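# Secondary and tertiary structure notes
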Amino acid sequence: MARHRAPRELPGLLVPLKRREFRLLWTGMSTSLIGDGILLVALAWQVYALSGAPAAMSVVGFALSLPQVATLLFGGVISDRFDRRKIMLCTDLVRGAVLTVLTVLSLTGVVQVWHIVALVAVYGAASGFFGPAFDSIVPQLVPEEDLVKANALDQFVRPAALQMAGPSIGGILIAIGGSGLAFALDAATFAVSATCLWLMRPVVNEAADEAAGSVWEEFKEGMNYVRRNVWLWGTFLAATFTYLLFIGPTEVLLPFVVKNELHGTAGDLGLVLASGGLGAIAAALIVSQRGVPRSYMPFVYVTWTLATLAVAGYGMATSSWHLAIACALVNGLEAAGTIAWATAKQRLVPEELLGRVSSVDWFISIALVPLSYAMAAPVASAIGVQNTLIGAGVLGAIVTFAFLYLPGMRSPRQLVVSTS
């Protein structure tokens, strides 16, 4: 008599995919992240083809990030008041429309830098609504015991799509048909993501049902909760100053180094970014199996400090493979810390406040990113590209590690303050 085999269990990283709604969310997000990876290469290549100067890329980065900062706080309140699935669906439709217009302009050969600036501003404004909604819907789809695995899966697919598959495909598409073809595929990925969100069943948002105050009152409630918890506001501020130091130099100057100093191709840039994806994937696999320490914050800050220090490697690189090693370290260490950070927020912040806390996190963390983009080119012009990147990594690491020593930062579970 044949024995019945027990069903094989999914590997730890894939356990959250047993749930249909999370599986659809994950599929749509993964697809759109591939498009984002394509955009990283296509946008930089299009801007440098039109201008050839880091200053133009700084302006584009500023235009992309400032509207996102401006809409984040409002986006957090909205995500706690309305159906988070519909919010994400609307943002995907808007961003897909922006990419469609950019595709037409690029393929017809009429695109100018000011077109790109205007379009990415709309794209950034829509993105400000997506992040808080996504952060706060995951705990509604996955039980608490699987949150680490869900966050590890996010950090696995994000680099795989954003830094490996996307940039590699982007480099190939640019070689075949120029940036316009790459923009077209990016637009298509948003259509896939929107379809997956539309297919999801409605997710009950109990916080929305209970919301009775005004938008302003609910915003203040979220801000007051953050203010009472040092592990939240301290980390937000740490990210603010660290991102000011390294985000602009990295995003603006890394493509410049590959194209103008190392005389590489779009494919070379894609491979450098892909190496970062490999580092992040490795980190996600390790953390998904081993879990995160009970002491969330020391783990978060040590990994993020080392990740920021690795940015200095971009300035010391003399070949593409040097850049690839630095990129792998930056992204692998950052992913490990991010898994722990996301899990801490989801476990310790009340569900009815999670959207607003996430929006404050995003808002404060990236508040100075537009300034970082604006300063990258002038600073590089004054002290050199290599010195700018080295300084960004070293100073950013010092700032990050210093915030770990704020009183109470290392024991968030003992310091969480109730909403009442």
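Before reading on, note that the structure itself is shown above.
Residues numbered from 1 in each chain as written. Predicted model: local features only at pLDDT ≥ 70, side-chain atom pairs only at ≥ 80, totals over all residues. Heavy atoms only, no water.

### Describing the overall build of the protein chain
In terms of helices and strands, the protein chain carries 17 helices and zero strands. Relative to its length of 420 residues, the protein chain is compact, with a C-alpha radius of gyration of 21 Å against a globular reference of 22 Å. Counting only C-alpha atoms, the protein chain reaches 60 × 55 × 55 Å along its principal axes. Sorting the 420 residues of the protein chain into buried and exposed places 56% on the buried side. On the protein chain, roughly 17600 Å² of surface is accessible, and the fraction owed to carbon and sulfur atoms is 66%. Here the protein chain contributes 26 positively and 25 negatively charged side chains, and the mean placements of these two sets differ by 7 Å. (Helix = DSSP H or I, 4+ residues; strand = E, 2+ residues; numbered from the N terminus. Rg over C-alpha atoms; globule rule 2.2 N^0.38 Å. Buried < 20%, exposed > 50% of the residue type's maximum accessible area, 1.4 Å probe, protein only. Areas by Shrake-Rupley, 256 points an atom, 1.4 Å probe, with all protein chains shown as cover. Lys, Arg positive; Asp, Glu negative; His and termini not counted. Charge placed at Lys NZ, Arg CZ, Asp CG, Glu CD.)

### Description of the pattern of salt bridges
Taken as a whole, this structure holds five salt bridges when the rule is applied. Here Glu21 makes a salt bridge to Arg20, at a shortest N to O gap of 2.9 Å. Connected through salt bridges with shared partners, the residues Arg20, Glu21 and Arg201 form a single ionic network. (Salt bridge = Lys/Arg side-chain N within 4 Å of Asp/Glu carboxyl O.)

### Notes on the packing of helix α11 (residues 296-310) against helix α13 (residues 320-348)
For any two helices packed against each other, one specifies the inter-axial angle together with the distance between the axes. Remark: α11 packs on α13, axes separated minimally by 8 Å, with the N-to-C direction vectors making an angle of 155 degrees. Between α11 and α13, the angle is such that the two are roughly antiparallel. The way α11 lies across α13 gives a crossing that is left-handed. (Axes fitted to C-alpha atoms, helices over the stretch in contact; angles between N-to-C directions. Parallel < 35°, antiparallel > 145°, perpendicular 65-115°, else oblique. Left-handed = near helix turned anticlockwise from the far one by under 90°.)

### Considerations on the environment of Thr195
Mapping Thr195 onto the fold places it in helix α6 (residues 179-199). Of the residues examined, Thr195 reaches a relative accessible area of 40% and is grouped as partly exposed. For Thr195 and Leu93, which are 102 residues apart along the polypeptide, the C-alpha to C-alpha distance reads 9.8 Å.

### Here's the deal with the environment of Gly276
Examined against the element boundaries, Gly276 turns out to sit in helix α10 (residues 266-290). Separated by 56 residues in sequence, Gly276 and Gly332 place their C-alpha atoms 6.9 Å apart.

### Digging into helix α16 (residues 385-403)
Here α16 spans 28 Å end to end across 19 residues, near enough to the 27 Å set by a 1.5 Å rise per residue. When we look at burial in α16, the residues that qualify are Val385, Thr388, Leu389, Ala392, Gly393, Gly396, Ala397, Thr400 and Phe403. All buried residues of α16 fall inside an arc of 155 degrees around its axis, so they share one side. Check the buried side of α16 and you find it contacts α9 (230-261), α11, α12 (312-316) and α15 (369-383). (Expected span 1.5 Å × (residues − 1). Arc of directions from axis to C-beta. Contact = heavy atoms within 4.5 Å.)

### A word on the packing of aromatic side chains
Applying the stated criterion across every chain, the model contains eight aromatic pairs. Ring geometry for Phe401 against Tyr405: centres 5.5 Å apart, planes inclined by 70 degrees, an arrangement best described as edge-to-face. Since its relative accessible area comes to 34%, Phe401 is described here as partly exposed. Following the ring pairs from residue to residue traces out a cluster consisting of Trp231, Phe236, Trp304 and Trp341. Between Arg95 and the ring centre of Tyr123, over which it is positioned, the NZ or CZ distance is 5.7 Å. (Phe/Tyr/Trp six-rings, centres within 6.5 Å; stacked < 30°, edge-to-face > 60°. Lys NZ or Arg CZ within 6 Å of the ring centre and 35° of its normal.)

### Describing the nonpolar core
Ranked by internal contacts, the top residues of the largest apolar core, which has 57 residues, are Leu43, Leu99, Leu102, Ile116, Tyr314 and Leu323. Ranked by residues supplied to this core, first place goes to helix α1 (residues 20-50) with nine residues. Excluding its chain neighbours within four sequence positions, the residues that come into contact with Leu43 are Val60, Leu102, Ile116, Val120 and Phe183. One finds Leu73, Val77, Ile339 and Ala340 within the second-largest nonpolar core, a separate group that totals 37 residues. (Core = buried A, V, L, I, M, F, W, Y, C linked by side-chain atoms within 4.5 Å.)

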